[in-house]
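Given next are the chains, with one letter for each unit.
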Amino acid sequence: MTILKVLIVGGGVAGPALAYWLSRIGAEVTLVERSSQVRASGQQLDLRGQGVPMMKKMGIETAVRAAVVREPGMQLVDINGRTKAFFPAAQTGTGKQGITSEFEIMRGDLVRILYGLTEGHPNVKYVFGTTVSSFTQEETNPGGKVHVTFQDGREEDFDILVVADGTGSKTRKMMLGPDAPDPRHRFGGYIGYFSIPSAPGDSDRATFCLLPGPRVSRIVGTRKDCPDLTRIYMILRGTVPALDAAYKSGNLAELKRAWADLYQDGGWECNRFFEALRTAPEADDLFCTPFEEVRLPEGSWSKGRVVLIGDAAHSATANGYGTTWGLIGAYILAGEIANLYERDRPLSTAAVMQAAKSYEEKFRPVATAGHGGSRLFESLSAPRSRFGIWMMHMFARIASHFQLDQMGGLDSKTAKWPLPDYPKLEEYQV
């Protein structure tokens, strides 16, 4: 019997999830991650909407519940620290969640849970400290392979190459070709976070404050997942050349200075937070990323035997569904492969292309439903003026009273989208 050989590039959320599902049909899976070890850093993620039944389908609910951050909800405060609205976490056990999900979990904890699904599996191999440097494929050969060269000089052939290395994927660029336009579309602004030592009075609620200012929209927030540290969140809408230059430089000291200059003296606890950003060693975990979306033309999530999943296919910064879509996309791609693999061993190039096409057709409408969001909504939800902030506080109080934050999807269409079932994938395990 010919065994399906699959290479997955990227060890975040979607990659290990796909390795798990493909291991169930007996595929030989190699996952490469450019970091020297499991990338267990990062801030809070959450599962919501269809991500909750997906988690249960994977059999990880107990592990996730054991690792969740016990965050009671989210509050808005004014620049004097007074609470203006509170949105409690919805303890529903379903996909209908509030701003704080019932399934808030640190990224590292979730990644370790996903890796644990295939730990010790004879058909799954993890290789750290390398990635793909180039590949070629035989698109017109029914029995063709993807010929891969790794950064460490090794060469190996695979039946399928799955690209799961994130929004800025270099492997995606290889697939699209050197003349293809960059599919990332920026909206202006950044989201960032860093850690500081906790102080008495730091709330266990997620706490956010809208800061008035003439040039750009600024929001600062805190979250707590452990007693000793407070996580500081920054959401900025607008264009700041100094921050753009610091981000492009990749220099930590320049990034710290640019963020601190923007938020110092902003009100609430900004002076404490951003003095710590300048001086506290805990703040060396500063991370920021621009608001952007990956927008690829229809039919371009794959090419021959190479397929994109997760943020490499449909990233949308901080839309609340990145983790959910990463898990579901992996499941759908594996399910479409399983449907054909049972009756077509080895998988021909045509069968791989058919599975990839079916995966995109089923998943693209929901995964990209929130793309190209209204700029008007963004401006209303992130006001700069004191009057605009006052109006936002009023609306938040009304929304909290009527529990308008509790939802099952980005909109009514995605909330009602049914998670596909793949009995052949779920029942058949080698």
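Residues numbered from 1 in each chain as written. Predicted model: local features only at pLDDT ≥ 70, side-chain atom pairs only at ≥ 80, totals over all residues. Heavy atoms only, no water.

## Structural notes on the overall build of the protein
Part 1: Helices and strands together make up the secondary structure of the protein, namely 15 helices and 18 strands.
Part 2: Relative to the globule expectation of 22 Å for 430 residues, the C-alpha radius of gyration of the protein, 22 Å, shows essentially globular dimensions.
Part 3: Dimensions of the protein, computed from the C-alpha atoms along their principal axes, are close to 70 × 45 × 40 Å.
Part 4: Here the protein holds 430 residues, and the buried ones make up 54% of them.
Part 5: Considering only residue pairs separated by 6 or more positions, the protein has 74% of its internal contacts joining residues 24 or more positions apart.
Part 6: Looking at the protein as shown, the accessible area adds up to about 18700 Å², and 53% of this sits on carbon and sulfur atoms. (Helix = DSSP H or I, 4+ residues; strand = E, 2+ residues; numbered from the N terminus. Rg over C-alpha atoms; globule rule 2.2 N^0.38 Å. Buried < 20%, exposed > 50% of the residue type's maximum accessible area, 1.4 Å probe, protein only. Contact = heavy atoms within 4.5 Å. Areas by Shrake-Rupley, 256 points an atom, 1.4 Å probe, with all protein chains shown as cover.)

## Focus on the pairing of strand 14 (residues 217-223)
Part 1: Counting buried positions along strand 14 yields seven of seven residues, so the element is predominantly enclosed.
Part 2: Because side chains alternate across strand 14, one face comprises the buried residues Ser217, Ile219, Gly221 and Arg223, and the other comprises Arg218, Val220 and Thr222, equally buried.
Part 3: Direction of pairing for strand 13 (residues 206-211) relative to strand 14: antiparallel, over a ladder of five bridges. Paired with Leu210 across the strands is Ile219, a residue of strand 14.
Part 4: Here strand 13 hands over to strand 14 after five residues, the two strands then running antiparallel side by side. (Pairing = 2+ DSSP bridges.)

## Describing helix 8 (residues 270-279)
Part 1: The set of residues buried in helix 8 consists of Cys270, Phe273, Phe274, Ala276 and Leu277. Along the axis of helix 8, the buried positions cluster into a sector of 150°, meaning they face one direction only.
Part 2: Each element contacted by the buried residues of helix 8 is listed here: strand 12 (184-197), strand 13, strand 14, strand 15 (229-237) and helix 7 (252-263). (Arc of directions from axis to C-beta.)

## A word on the environment of His147
Part 1: With respect to the element layout, His147 can be found in strand 9 (residues 146-150).
Part 2: For the pair His147 and Phe158, spaced 11 residues apart in sequence, the C-alpha to C-alpha distance is 6.7 Å.
Part 3: When sequence neighbours within four positions are dropped, the list of residues in contact with His147 reads Ser134, Phe135, Thr136, Glu138, Glu156 and Asp157.
Part 4: A polar contact of 2.6 Å, which involves the side chain of His147, links it to the side chain of Glu138.
Part 5: A polar contact of 2.7 Å, which involves the side chain of His147, links it to the side chain of Asp157. (Polar contact = N/O pair within 3.5 Å; in protein donor to acceptor, adjacent residues only side chain to side chain.)

## Remarks on the sheet that holds strand 7 (residues 124-128)
Part 1: Spatially, 7-2-1-11-18-17 is the arrangement adopted by the six strands of the open sheet, whose pairing is mixed. Two strands in the sheet have a free side with no partner beyond their single neighbour: strand 7 and strand 17 (302-303).

## Comments concerning the packing of helix 7 against helix 8
Part 1: Two elements in contact, helix 7 and helix 8, have axes separated by 9 Å at closest approach and are oriented at 165°. By the angle class used here, helix 7 and helix 8 are roughly antiparallel. When you trace helix 7 past helix 8, the crossing you get is left-handed. Side by side, helix 7 and helix 8 meet where Lys256, Trp259, Ala260, Asp261 and Tyr263 of the first sit next to Cys270, Phe274, Leu277 and Arg278 of the second.
Part 2: Of the residues that constitute the contact of helix 7 with helix 8, the class distribution is six nonpolar, no polar and three charged. (Axes fitted to C-alpha atoms, helices over the stretch in contact; angles between N-to-C directions. Parallel < 35°, antiparallel > 145°, perpendicular 65-115°, else oblique. Left-handed = near helix turned anticlockwise from the far one by under 90°. Nonpolar A, V, L, I, M, F, W, Y, C, P; charged D, E, K, R; others polar.)

## Describing helix 10 (residues 322-341)
Part 1: Taking 1.5 Å per residue as the helical rise, helix 10 with its 20 residues ought to reach 28 Å, and the 28 Å between its terminal C-alpha atoms agrees with that figure.
Part 2: Burial runs high along helix 10: 18 of the 20 residues are buried. (Expected span 1.5 Å × (residues − 1).)

## Here's the deal with the packing of helix 6 (residues 241-249) against helix 7
Part 1: Two elements in contact, helix 6 and helix 7, have axes whose closest approach is 8 Å; the angle formed by their N-to-C orientations is 160°. Relative to helix 7, the element helix 6 is oriented roughly antiparallel. At the point where helix 6 passes helix 7, the crossing takes the left-handed sense. Along the contact surface, helix 6 presents Ala242, Leu243, Ala246, Tyr247 and Ser249, while helix 7 presents Glu254, Leu255, Ala258, Trp259 and Leu262.
Part 2: Here the residues of the contact of helix 6 with helix 7 are counted per class, giving eight nonpolar, one polar and one charged.

## Quick notes on a nonpolar patch on the surface
Part 1: A cluster of nonpolar side chains, Phe387, Trp390, Met391 and Met394, forms an exposed patch at the surface whose accessible area comes to about 430 Å².
Part 2: Tracing the chain through its elements places Met394 in helix 13 (residues 386-401). (Patch = residues over 30% accessible without salt bridge, like charges linked within 9 Å, V, L, I, M, F, W, Y side chains within 5 Å. Salt bridge = Lys/Arg side-chain N within 4 Å of Asp/Glu carboxyl O.)

## Brief notes about the pattern of salt bridges
Part 1: Considering all chains together, one arrives at 24 salt bridges under this definition.
Part 2: Across the pair Asp202 and Arg272 runs a salt bridge, and its minimum N-O distance is 2.8 Å. Of this pair, Asp202 sits in the loop between strand 12 and strand 13 while Arg272 sits in helix 8; the two residues are 70 residues apart in sequence, bridging distant segments of the chain.
Part 3: Under the relative-accessibility criterion, Arg272 is labelled partly exposed at 25%.

## Details of the sheet that holds strand 10 (residues 155-158)
Part 1: With antiparallel pairing, three strands are arranged side by side in an open sheet as 8-9-10. Edge strands, defined here as strands with exactly one partner in the open sheet, are strand 8 (132-137) and strand 10. In this sheet, adjacent strand axes meet at a mean angle of 25° when their direction is disregarded.
Part 2: Alignment of strand 9 against strand 10, held across four bridges, turns out to be antiparallel. Within strand 10, the residue paired with Val146 across the bridge is Phe158.

## Section: unusual backbone geometry
Part 1: Phi is positive for Ala318, close to 55°, though the residue is something other than glycine.
Part 2: By the secondary structure assignment, Ala318 is in the loop between helix 9 (311-314) and helix 10.
Part 3: By relative accessible area, which is 55% here, Ala318 ends up exposed.
Part 4: Despite not being glycine, Gln403 has its phi angle at roughly 55°, a positive value.
Part 5: Among the structural elements, Gln403 can be located in the loop between helix 13 and helix 14 (412-415).

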